[in-house]
Amino acid sequence: MRVLYKHFRGAFKTWRTLFQDASDFATEVGPERLVSISHSEHGIEGVVSVWYWGEPEVCHKCGYNLTGNESGVCPECGTKISWTPS
Ligand SMILES: [Zn+2]
């Protein structure tokens, strides 16, 4: 399981718009997977970065491939998928 990130950036957007986009995405990611949100400037652009835990690739119990799983439960063995690092 890896930490992923998503950038929200733009020279023609305001900080408010970037933060709003980032917070919408962070809400979608959810509190269990969110790591942190940071911001910086890149030249004339504002950049807001959302850091979050990516989906586990395989079930930690049975090894079933969970790519694209959205139910939160392993279809093979019924284990609840944990988003937090173990
Ligand atoms: Zn499983």
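Just above sits the structure.
The sections below set out a description of the structure shown in this document. As the structure is a prediction and not an experimental result, all values here were calculated from the model.

If you tally the helices and strands in the chain, you get one helix and three strands. Burial status across the chain gives 9% buried among its 86 residues.

Right, let's get into the sheet that holds strand E2 (residues 34-42). Taken in spatial order, the three strands of this open sheet run E1-E3-E2, and their pairing is antiparallel. Two strands close off the open sheet at either side, each with one partner strand: strand E1 (3-10) and E2. For this sheet, the mean angle separating the axes of adjacent strands, direction not counted, is 20°. Relative to strand E3 (residues 45-53), E2 runs antiparallel, the two sharing eight bridges. Counterpart to Leu34 in the pairing with E3 is Tyr52. Helix-sheet contacts for helix H1 (residues 15-29) involve E1, E2 and E3, and the interaxial angle to E3 is about 10°.

On to the pairing of E3. Regular strands have side chains that alternate between both faces of the sheet. Two elements, E1 and E3, share eight bridges in a ladder whose sense is antiparallel. Bridge pairing in E3 links Leu4 to Tyr52. Hairpin connection of E2 to E3: two residues between the antiparallel strands, including Gly43 at a positive phi of 65°.

What follows is about the environment of Thr67. Its location among the elements puts Thr67 in the segment after E3. Classification of Thr67 by C-beta neighbours within 10 Å gives exposed; the count is 8. C-alpha of Thr67 to C-alpha of Glu55: the two residues are 12 residues apart in sequence and 7.5 Å apart in space.

With that settled, consider the nonpolar core. Core analysis: the largest hydrophobic core is formed by six residues, namely Phe8, Ala22, Ala26, Val48, Val50 and Tyr52. Looking at this core, the elements with two or more residues in it are H1 and E3. The element contributing the most residues to this core is E3, with three residues. Those residues in contact with Val50 that lie beyond four places of it in its chain are Tyr5, Lys6, Ala22, Phe25, Ala26 and Ile37.

Scoring rules and cut-offs
- Residues numbered from 1 in each chain as written.
- Predicted model: local features only at pLDDT ≥ 70, side-chain atom pairs only at ≥ 80, totals over all residues.
- Helix = DSSP H or I, 4+ residues; strand = E, 2+ residues; numbered from the N terminus.
- Buried ≥ 20, exposed ≤ 12 C-beta atoms within 10 Å, placed from the backbone.
- Pairing = 2+ DSSP bridges.
- Axes fitted to C-alpha atoms, helices over the stretch in contact; angles between N-to-C directions.
- Contact = placed C-beta atoms within 7 Å.
- Core = buried A, V, L, I, M, F, W, Y, C linked by C-beta atoms within 7 Å.

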